[in-house]
Amino acid sequence: MFKQITHFSVHCPDLSSSPELLQKLLSALQSGDDFDCPICLSPPSLAVITKCSHVFCRKCIEKTLMQDKEKCPMCRVPLTMSDLFASPKVELTNENDEGLENTQQETSAKIKALLQHLSDVRASDPTTKSVVFSQFSGMLSLVQGSLEAAGFKYVRLDGSMNLKKREAALRAFQSKGSCSPTVFLLSLKAAGVGLNLVAASRVYMLDPWWNPAVEEQAMDRVHRLGQTQDVEIVRLIVRDSIEERILTMQERKRNLARSAFNKSAGEMRRGRIEDI
């Protein structure tokens, strides 16, 4: 016998009166790291945040509360539909639209340098494919707009995409047709493992990650078994900025890894404190 369950949605109050929860929701959704709903393990759809600061898909948490005696599936605190909050909708005025257009017209020096590299590669060989890594999804969006303006064909893969879309982007980049994309925009952590990117021969790192192993793992997606071309890796670093400090920290971590077994616990602890 089948039991039919009728699902219904209720209105979720917005977060206008709770700036702390709103900030937590926005931080989870806009961070450079991948974020998935803990229930369906996919990027949140119509994301809501609970009073206990956990973010879910709206439909997932509503269904769970109706079936699970009204408790948060993460921390098990009592939870009802009235304890779910949604981000308030913001309507752009004409003034905001104009500001957005002006922002889009301005391009940073780093993006200009990237476009110059890509344009030089395209001029020498239009079939050469490039991979662009960044740890920030917002940075990928800025680059995406500049690529469109410059006439580049590209695909993108980040933590907001489900498995089907990720596979479609990878297949498109690996194809060898005349209309196939030549630039692949990739989230550093989303693309660190499990991808075969030997179709590319150029790698651009837009921002340094404090752990060099994460960067090296991403680069290895291009420089791996099956690669028949010379791979060129370009790091775009802003002079006299925190990025130079991160590069120094990366080198110290590499040296520390090499000599870890020759150092005492006190020496290793002092090194970590200095990094902080």
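Calculation rules
Residues numbered from 1 in each chain as written. Predicted model: local features only at pLDDT ≥ 70, side-chain atom pairs only at ≥ 80, totals over all residues. Heavy atoms only, no water. Phe/Tyr/Trp six-rings, centres within 6.5 Å; stacked < 30°, edge-to-face > 60°. Helix = DSSP H or I, 4+ residues; strand = E, 2+ residues; numbered from the N terminus. Buried < 20%, exposed > 50% of the residue type's maximum accessible area, 1.4 Å probe, protein only. Lys NZ or Arg CZ within 6 Å of the ring centre and 35° of its normal. Polar contact = N/O pair within 3.5 Å; in protein donor to acceptor, adjacent residues only side chain to side chain. Core = buried A, V, L, I, M, F, W, Y, C linked by side-chain atoms within 4.5 Å. Pairing = 2+ DSSP bridges. Expected span 1.5 Å × (residues − 1). Arc of directions from axis to C-beta. Contact = heavy atoms within 4.5 Å.

Draft legend 1. Structural context of the packing of aromatic side chains. Here the structure, examined in full by the defined rule, presents 1 aromatic pair. Ring geometry for Phe173 against Phe184: centres 4.9 Å apart, planes inclined by 40°, an arrangement best described as tilted. Taken as a pair, Phe173 in helix α6 (residues 163-174) and Phe184 in strand β6 (residues 183-187) lie far apart in primary sequence, 11 residues in all. Residues Phe173 and Phe184 agree in their burial class; the two are buried. The ring of Phe173 has Lys129 sitting right over it, with the charged end atom 5.2 Å from the ring centre.

Draft legend 2. Broad picture of unusual backbone geometry. With a phi close to 65°, Arg76 is a non-glycine residue in the positive phi region. The topology assignment puts Arg76 in the loop between α2 (58-67) and β3 (84-86). Positive phi values are uncommon outside glycine, yet Asp240 reaches one of about 60°. Summarising the element assignment, Asp240 is placed in the loop between β8 (232-235) and α8 (242-258). Relative accessible area serves as the criterion here: at 69%, Asp240 is assigned to the exposed category.

Draft legend 3. Representation of the environment of Lys51 in the model. Within the secondary structure, Lys51 sits in the loop between β1 (47-50) and β2 (55-57). Spatially, the C-alpha atoms of Lys51 and Leu84 are 6.7 Å apart, while their sequence positions differ by 33 residues. Side-chain polar atoms of Lys51 contact the backbone oxygen of Pro78, separated by 3.4 Å.

Draft legend 4. Representation of the nonpolar core. One finds Val131, Phe133, Leu157, Phe184, Leu186, Leu188 and Leu197 to be the most contacted residues of the largest nonpolar core, which totals 22 residues. Mapped by element, the contributors of at least two residues to this core are β4 (130-134), β5 (154-157), α6, β6, β7 (202-205) and α7 (212-219). Counting residues in hydrophobic clusters, the runner-up holds 17 residues, among them Leu114, Met139, Val183 and Leu206.

Draft legend 5. Representation of the pairing of β6 in the model. β6 sits mainly inside the fold: 5 of its 5 residues count as buried. Residues Val183, Leu185 and Ser187 of β6 are buried on one face, and the alternating residues Phe184 and Leu186, pointing to the opposite face, are buried as well. Here β5 pairs with β6 via 4 bridges, running parallel. The partner of Leu157 across the bridge, within β6, is Leu186.

Draft legend 6. Spatial organisation of α6. In this model, α6 (12 residues) spans 17 Å end to end at C-alpha, consistent with the 16 Å of a helix rising 1.5 Å per residue. Three or more residues of α6 are buried, namely Ala169, Leu170 and Phe173. All buried residues of α6 lie within an arc of 95° about the axis, which places them on one face of the element. Seen from the buried face of α6, the exposed residues on the opposite side, beyond 90 degrees, are Lys164 and Arg171. Buried residues along α6 sit against β4, β5 and β6.

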